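Structure assessment
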Amino acid sequence: MTFRHYDGGGQATKSIGRTAIVVTAGKTDRKDWVDEIAAIRDRQDQAAFAALFRHFAPRVKAFLMKSGARPDMAEECTQDVMATIWRKAALFDPTRASVSTWIFTIARNRQIDMIRKERRPEPEELTWGPEAEPDQDDALGLAQDTERLGQALAALPEKQRKLIERAFYGDLSHSEIAAETGLPLGTIKSRIRLALERLRHTMK
Amino acid sequence: MNKIRHHLTDSLLMSYSAGTLPEGFSLVVATHVSMCDDCRARMTEFDAVGGELMMQSGDADLSDDSLAATLALIAAGDSSDLGATKTKPRAKGVFPTPLQDYVGGDAEAVKWRRVGGGVRQMILKTGKGSSVRLLYIPGGAAVPDHGHRGTELTLVLQGAFKDDTDRFDVGDIEIATEDLEHTPVAEEGQACICLAATDAPLRFNSLVPRIAQPFLRI
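All of the points below concern the structure found in this document. Remember, predicted model here, so these are calculated numbers, not experimental data.

Describing the sheet that holds strand β7 (residues 167–168) of chain B
Residues and elements named next belong to chain B.
- Taken in spatial order, the 3 strands make up an open sheet running β7-β6-β9, and their pairing is antiparallel. Here the strands that pair on one side only, and so sit at the sheet edges, are β7 and β9 (185–186).
- As defined by bridge partners, strand β6 (residues 161–162) adjoins β9 across 2 bridges and the pair is classed as antiparallel. By the bridge assignment, Lys162 is partnered in β9 with Val185.

Shown next as structure tokens:
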């Protein structure tokens, strides 16, 4: 699997094997890290946490720095994000978000809190329907959808890719995004099929 | 609940996922998403884009004791930061949970102030870059005719209003940009309660509201 990475100068470079890969039954799948989160939740497994840390912490810190955080602040925030993952492992639900999406939302929220010193209003949680047990197929489908989304992002022409980065690193305001016609929203949208029909939403 | 017809734009949802919206806009987005499964699903897509982008952001060098320091943080068990992403229970009442957090309760907890014409408002305290308030418009009453310098988001929480563009019912969001000058009028009957946020001061077209503007703080 090939992922596109950016060096400090903003040049696109391709590198192979930077993202952990597991090979199962002749099929290459990106490691989804769901088992590590479960091990942290069930057994406070420090080895699982260390593996998760080695994989995610450098990426969280890189993301925070590209979003404008100074290195020392990004380091402090990254440690806080990783500690939050440990504490909130029981709240992770693989049918609602992949591990990478979940960690991103934690990093984003800690960044707003610690670096921007603002509150982050979050939507209220939905409760599950009658069949409350998270469905394995839903979790697998979501992980695969997210992986395909990542591949689509990596394969974007650099110009389009750059626009998405600028939106997420905070270089574009919402009105600038609205005015931007080159955003490849068609490419990245509707790749995540959330099992929303299983969510019970009874607000009047 | 009625079918929501007016939704968030991709640019607002994307900026919300990125965490780059001013706080007042984030509050309107979080409140709408609490009411609208369609926008929730779209928000989830943008969260996933953020996650994948983070995974492709390259690797930064960590400090040498990074893992040890994190384990120490965990061992210290400081859970004071858990509020930021904690699972929120379902709100009961008119206001979804994120809004109740800012008001300090549901509709009956709002500290309304009169602003003329039977219209009342409560300004909610948020960070810089936007201002957000609750508006109470009696049935049949109008919000003074106004244009915008920036963007104004108006989310209906109770009742309904109409303006030159369309009708807005509970859960609907109107996104007004600079070129829209409109006069929202609450429908007859139940008072209309809206959550409204701007990223620039409003601009009233008649003299009296313009004089009153500094006092209304809108």
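Some points on the packing of aromatic side chains
- For the structure shown, the criterion picks out 9 aromatic pairs over all chains.
- With 6.2 Å between their ring centres and 50° between their planes, Phe49 of chain A and Phe53 of chain A make a pair best called tilted. Of this pair, Phe49 of chain A and Phe53 of chain A both sit in helix α2 (residues 46–66), 4 residues apart, which is roughly one turn of the helix.
- A relative accessible area of 3% places Phe53 of chain A in the buried class.
- Between Phe49 of chain A and Trp86 of chain A, the ring centres sit 5.4 Å apart and the planes meet at 85°, which makes this aromatic pair edge-to-face. Here Phe49 of chain A, found in helix α2, pairs with Trp86 of chain A, found in helix α3 (residues 71–87); they are 37 residues apart in sequence, far enough to count as distant.
- By relative accessible area, Trp86 of chain A is classed as buried at 15%.
- An aromatic cluster of at least three residues, connected via ring pairs, comprises Phe63, Phe104, Phe168 and Tyr169 of chain A.
- Looking at Lys31 of chain A, its charged tip hangs above the ring of Trp33 of chain A, at a distance of 4.5 Å from the centre.
- In this structure, Arg119 of chain A packs its charged tip against the face of Tyr102 of chain B, placed 3.8 Å from the ring centre.

Quick word on the nonpolar core
- Formed by 99 residues in total, the largest nonpolar core has its most connected members in Ile164 of chain A together with Leu124, Leu134 and Leu195 of chain B.
- When residues of this core are assigned to their parent elements, the largest contribution, 9 residues, is made by α2 of chain A.
- In this structure, Leu195 of chain B is in contact with Leu27, Val28, Thr31, Leu99, Leu124, Val132, Arg133, Leu134, Leu153, Thr154, Leu155 and Leu157 of chain B, ignoring residues within four places of it in sequence.

Examining the packing of helix α6 (residues 158–168) of chain A against helix α3 (residues 37–55) of chain B
- Look at α6 of chain A against α3 of chain B: their axes get within 11 Å of each other, and the N-to-C directions meet at 105°. The orientation of α6 of chain A with respect to α3 of chain B, classified from their angle, is roughly perpendicular. Of α3 of chain B, the residues touching α6 of chain A (which contributes Arg161, Ile164, Glu165 and Phe168 of chain A) are Phe46, Val49, Gly50 and Leu53 of chain B.
- Classifying every residue of the contact of α6 of chain A with α3 of chain B gives 5 nonpolar, 1 polar and 2 charged.

So, the sheet that holds strand β10 (residues 192–198) of chain B
Residues and elements named next belong to chain B.
- Taken in spatial order, the 6 strands make up an open sheet running β1-β2-β3-β10-β5-β8, and their pairing is antiparallel. Strands with a single pairing partner mark the edges of an open sheet, and in this sheet they are β1 (113–116) and β8 (173–176). Each strand axis lies, on average, 25° off the axis of its neighbour in the sheet, ignoring direction.
- Two elements, strand β3 (residues 131–137) and β10, share 7 bridges in a ladder whose sense is antiparallel. Counted as the bridge partner of Tyr136 is Ile193 from β10.
- With respect to the sheet, helix α2 (residues 23–35) is in contact with β2 (119–124), β3, β5 (152–158), β8 and β10, its orientation differing from that of β5 by roughly 40°.

Reading the values: rules and limits
- Here the residue index of a chain counts from 1 through its sequence in written order.
- Note on labels: chains are lettered from A, ligands numbered from 1, in written order.
- Reporting of local features is limited, given that this is a predicted model, to residues whose pLDDT is at least 70; pairs of side-chain atoms are given and counted only at 80 or more, and all residues count toward the totals for whole chains, interfaces and linings.
- Hydrogens and water molecules were not included; the side-chain quantities draw on all heavy atoms of the structure.
- Pairs of strands are assigned from DSSP output, requiring at least two bridges between the strands.
- By definition, any uninterrupted DSSP run of H or I lasting at least four residues is a helix, any uninterrupted run of E lasting at least two residues is a strand, and each is numbered from the N terminus.
- In summary, the pairing rule links any two rings of Phe, Tyr or Trp, Trp by its six-membered ring, whose centres are within 6.5 Å, and it sorts them by plane angle into stacked for under 30 degrees, edge-to-face for over 60 and tilted for everything else.
- The buried label applies to any residue whose accessible area, calculated with a 1.4 Å probe on protein chains only, is under 20% of its type's maximum; exposed applies above 50%, and partly exposed to all values in between.
- Definition used: whenever NZ (Lys) or CZ (Arg) falls within 6 Å of the ring centre and also within 35 degrees of the ring normal, the charge is taken to sit over that ring.
- Joining through side-chain atoms within 4.5 Å is the link that ties buried Ala, Val, Leu, Ile, Met, Phe, Trp, Tyr and Cys residues into a set, and such a set is a nonpolar core.
- Note on contacts: a residue pair qualifies if any of its non-hydrogen atoms lie within 4.5 Å across the two residues.
- Only the contacting stretch of a helix is used when fitting its axis, a line to C-alpha atoms as for every element, and angles between N-to-C directions run 0 to 180 degrees.
- An angle below 35 degrees is read as roughly parallel, one above 145 as roughly antiparallel, one from 65 to 115 as roughly perpendicular, and any other as oblique.
- Each residue is assigned to one of three groups, with Ala, Val, Leu, Ile, Met, Phe, Trp, Tyr, Cys and Pro labelled nonpolar, Asp, Glu, Lys and Arg labelled charged, and all others, Gly among them, labelled polar.

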